[in-house]
Amino acid sequence: MANIHNVMEEYVVEHVNALYDQVKSHEKTWLSCDCQNCRMDTVCYVLNRIAPRYVVSGRGVTHNANMLSENNQISVDIDKLCIEGMRLVNAAKRPYHAAVHAGSTTPGKAEFNFPTVVGNVFDGLTFEPMPNAFVTLKLEGENASMMDETWPNPCQTYKATAGSYSFWVAPQSAAEERINKKFMFTVEVTCEGYEPASYSFTVPLVSESSTSKELDATFNVKVKDIFLFKKEEDEK
């Protein structure tokens, strides 16, 4: 029987390793571990969310690898999934990571630590996930500052990620710990050919005595689904 192979495996492994090395070199605070187990967990996360590309021969592998390298949209979508997978894998607290996660907060000052903000954008008529939409997160009317540049604001949605978006807002200083405060957020969504949409919500927080530098997948705000509708053609 011919040897069947999913060419996406090597492609994803290469992208995951490159992104881990890049993020590690920039010493991003949310990357608490880049061991082989974490990298392979990320590879599985990505492969479970993209369509496989099976080939039979070595020539097929070469042809598909060249095609993938030339398809910029596939590359962008996979990079997006790789970053999502890296964040979620690093947010999972496992026993063999205990030594790495220790000391992941900065003591000595009071901060408001924000949850991640996640959501999805859909076409209002087809209910299909919306690719190529731009999502901006505003805090008190201004673009919210992110933890670092790996969390863009605005960010773009992709077909491979089912129109999802995510933000991790940088902490804000507080006069002291245990202060209660509500923060007003607005998600603004635009896409070419569609009417813009927005959704506002508040997040109540209590200031803490340390700054959280470790992503916690359980500490998030799920924004209600946002639907975009096509613009009506101008009357002639």
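Further up the page is the structure itself.
Everything quoted here is computed from the prediction, not taken from an experiment.

**Student:** How would you summarise the packing of aromatic side chains if you had to cite specific residues and measurements?
**Tutor:** Summed over the entire model, instances satisfying the criterion amount to 9 aromatic pairs. Aromatic ring contacts, followed pair by pair, group Phe112, Phe114, Phe183, Phe185, Tyr199 and Phe201 into a single cluster. The ring of Trp151 carries the charged tip of Arg87 above its face, separated from the ring centre by 3.1 Å.

**Student:** Can you lay out the side chain of Asn153 for me, pointing to particular residues and giving the numbers?
**Tutor:** Positionally, Asn153 belongs in the loop between β6 (142-143) and β7 (155-156). Look at Asn153 and you get buried, because its relative accessible area is 18%. For Asn153, the side chain forms a polar contact with the main-chain nitrogen of Leu137, separated by 2.9 Å. A polar side-chain atom of Asn153 sits 2.9 Å from the main-chain carbonyl oxygen of Ala144.

**Student:** Can you tell me about unusual backbone geometry, naming the residues and giving the values?
**Tutor:** Looking along the chain, the bond that leaves Asn153 and enters Pro154 is cis, with omega of 10°. Positive phi values are uncommon outside glycine, yet Glu27 reaches one of about 55°. If you trace the backbone, Glu27 turns up in the loop between α1 (8-25) and α2 (36-47).

**Student:** Let's hear about α1: which residues, and what values?
**Tutor:** Spanning 18 residues, α1 covers 26 Å between terminal C-alpha atoms, matching the ideal 26 Å at 1.5 Å per step. Those residues of α1 lying buried are Met8, Tyr11, Val12, His15, Val16, Leu19, Tyr20 and Val23. Each buried residue of α1 lies within a common arc of 155° when the element is viewed along its axis, so the set occupies one face. Structural note: α1 exposes Glu14 and Ser25 on the side pointing more than 90 degrees away from its buried face. At the C-terminal side of α1, Glu27 shows a positive phi close to 55°.

**Student:** Outline the packing of α1 against α2, listing residues and values.
**Tutor:** Interhelical geometry of α1 versus α2 gives an angle of 130° and a closest axis separation of 9 Å. Between α1 and α2, the angle is such that the two are oblique. Our pair here, α1 against α2, has a crossing hand that is right-handed. When α1 is examined against α2, the residues Met8, Glu9, Val12, Val13, Val16, Asn17, Tyr20 and Asp21 are found in contact with a partner set consisting of Cys38, Arg39, Thr42, Val43, Val46 and Leu47. Of the residues assigned to the contact of α1 with α2, the class counts are 9 nonpolar, 2 polar and 3 charged.

**Student:** Help me get a handle on the pairing of strand β5 (residues 134-139), residues and values and all.
**Tutor:** As paired elements, β5 and β7 share 2 bridges and run antiparallel to each other. In the sheet register, Val135 faces β7, and the bridge partner there is Cys155. Sheet topology places β5 next to strand β10 (residues 180-190); 6 bridges connect them, and they run antiparallel. Note that in β10 the partner of Phe134 across the bridge is Thr190. For β5 and β6, the ladder comprises 2 bridges, and the chain directions are antiparallel.

**Student:** Run through the state of the cysteines, naming residues and quoting values.
**Tutor:** Taken as a whole and judged by the stated rule, the model has 0 disulfides. As a non-bridged cysteine, Cys33 has Cys35 as the owner of its nearest cysteine sulfur, 3.5 Å distant.

**Student:** Would you mind going over the pairing of strand β11 (residues 197-206) in detail, with residue names and values included?
**Tutor:** Remark: a regular strand shows side chains that alternate across the two faces of the sheet. Examined bridge by bridge, β10 and β11 share 10 bridges and lie antiparallel to one another. Among the inter-strand pairings, Lys182 is bridged to a residue of β11, identified as Pro204. Taking the residues that link successive antiparallel strands as the turn, the β10-β11 hairpin has 6 residues, and the phi of Gly193 there is positive, at about 85°.

**Student:** Summarise the nonpolar core; cite the residues concerned and give the values.
**Tutor:** One recurring pattern in soluble globular proteins: nonpolar side chains tend to sit buried together. Residues Ile78, Leu137, Tyr165, Phe185, Val187 and Leu228 are the most contacted members of the largest nonpolar core, which totals 57 residues. The contact partners of Ile78, leaving out residues within four places of it in the chain, are Met8, Tyr11, Val12, His15, Val46 and Ile50.

**Student:** Could you give an account of the pattern of salt bridges, with specific residues and numbers?
**Tutor:** In a structure, side chains of opposite charge can pair up when their charged atoms sit close to one another. Enumeration over the complete set of coordinates arrives at 7 salt bridges. Through salt bridges with shared partners, a single ionic network connects Asp21, Lys24, Asp34 and Arg39.

**Student:** Report on the environment of Asn180, specifying residues and quantitative values.
**Tutor:** With respect to the helices and strands, Asn180 occurs in strand β10. Spatially, the C-alpha atom of Asn180 lies 4.6 Å from that of Val206, the residues being 26 residues apart in sequence. Excluding residues within four positions of it along the chain, Asn180 makes contact with Leu205 and Val206.

About the cut-offs
- Residues numbered from 1 in each chain as written.
- Predicted model: local features only at pLDDT ≥ 70, side-chain atom pairs only at ≥ 80, totals over all residues.
- Heavy atoms only, no water.
- Phe/Tyr/Trp six-rings, centres within 6.5 Å; stacked < 30°, edge-to-face > 60°.
- Lys NZ or Arg CZ within 6 Å of the ring centre and 35° of its normal.
- Helix = DSSP H or I, 4+ residues; strand = E, 2+ residues; numbered from the N terminus.
- Buried < 20%, exposed > 50% of the residue type's maximum accessible area, 1.4 Å probe, protein only.
- Polar contact = N/O pair within 3.5 Å; in protein donor to acceptor, adjacent residues only side chain to side chain.
- Expected span 1.5 Å × (residues − 1).
- Arc of directions from axis to C-beta.
- Axes fitted to C-alpha atoms, helices over the stretch in contact; angles between N-to-C directions.
- Parallel < 35°, antiparallel > 145°, perpendicular 65-115°, else oblique.
- Left-handed = near helix turned anticlockwise from the far one by under 90°.
- Contact = heavy atoms within 4.5 Å.
- Nonpolar A, V, L, I, M, F, W, Y, C, P; charged D, E, K, R; others polar.
- Pairing = 2+ DSSP bridges.
- Disulfide = S-S within 2.5 Å.
- Core = buried A, V, L, I, M, F, W, Y, C linked by side-chain atoms within 4.5 Å.
- Salt bridge = Lys/Arg side-chain N within 4 Å of Asp/Glu carboxyl O.

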